[in-house]
Amino acid sequence: MKSYADVIVRPLITEKSMDGVAGKRYSFEVRPDATKADVAAAVETMFKKTKVAKVNIINMKKKPKRYGVHFGYTGEWKKAIVTLTEDSSTIAFFDSMN
């Protein structure tokens with residue numbers, strides 16, 4: 001079994017992701033080989049008293065970027081949006097951001 005440090009890279013703190021905190025939806029950057037079951041187990045292990053209702057995973061494609069006269073691409077990465085059940089507790093890390 002993978003530990004939660006092998007699955008979750010970092011939480012995503014954006015305006016759009018913080019709007020979902022009220023509905024118990026939390027966004028994380030995860031490893032490219034992570035599955036929905038891995039993410040659900042990692043969140044329940046990392047944050048006690050939480051129960052995952054569903055996990056949505058999105059593969060974020062690379063985008064072209066320009067830095068002065070140089071052209072390049074951003075890296076590809078994977079995003080997971082985790083929805084908790086109504087009776088589970090919230091994640092205190094995200095609550096402190098609001």
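The paragraphs below set out a description of the structure included in this document.

What counts and how
- Residues numbered from 1 in each chain as written.
- Predicted model: local features only at pLDDT ≥ 70, side-chain atom pairs only at ≥ 80, totals over all residues.
- Heavy atoms only, no water.
- Helix = DSSP H or I, 4+ residues; strand = E, 2+ residues; numbered from the N terminus.
- Contact = heavy atoms within 4.5 Å.
- Buried < 20%, exposed > 50% of the residue type's maximum accessible area, 1.4 Å probe, protein only.
- Lys, Arg positive; Asp, Glu negative; His and termini not counted.
- Salt bridge = Lys/Arg side-chain N within 4 Å of Asp/Glu carboxyl O.
- Polar contact = N/O pair within 3.5 Å; in protein donor to acceptor, adjacent residues only side chain to side chain.
- Pairing = 2+ DSSP bridges.

1. Digging into the side chain of Ser17
Note on placement: Ser17 falls in helix H1 (residues 15-19). Once you skip the residues sitting within four places of it in the chain, Ser17 turns out to touch Leu12, Arg25 and Ser27.

2. Focus on the side chain of Lys24
With respect to the secondary-structure elements, Lys24 resides in the loop between H1 and strand S2 (25-30). Buried within the structure, Lys24 lacks any salt-bridge partner; Glu86 is the closest side chain of opposite charge, at an N-O distance of 5.4 Å. Only 2.9 Å separates the side chain of Lys24 from the backbone oxygen of Glu86, close enough to count as a polar contact. Dropping the residues within four chain positions of it, Lys24 is found in contact with Val82, Thr83, Leu84, Thr85, Glu86, Ser88 and Thr90.

3. Observations regarding the environment of Arg25
Looking at the element boundaries, Arg25 is found in strand S2. Given a relative accessible area of 34%, Arg25 falls into the partly exposed group. Note: C-alpha distance between Arg25 and Ile81 (56 residues apart in sequence) is 6.5 Å. Ignoring sequence-local partners within four residues, the contact set of Arg25 consists of Ser17, Gly20, Ile81, Val82 and Thr83.

4. Concerning the pairing of strand S5 (residues 70-73)
Note: strand S4 (residues 64-67) against S5, four bridges, orientation antiparallel. Across the sheet, Lys65 pairs through a bridge with Gly72, a residue of S5.

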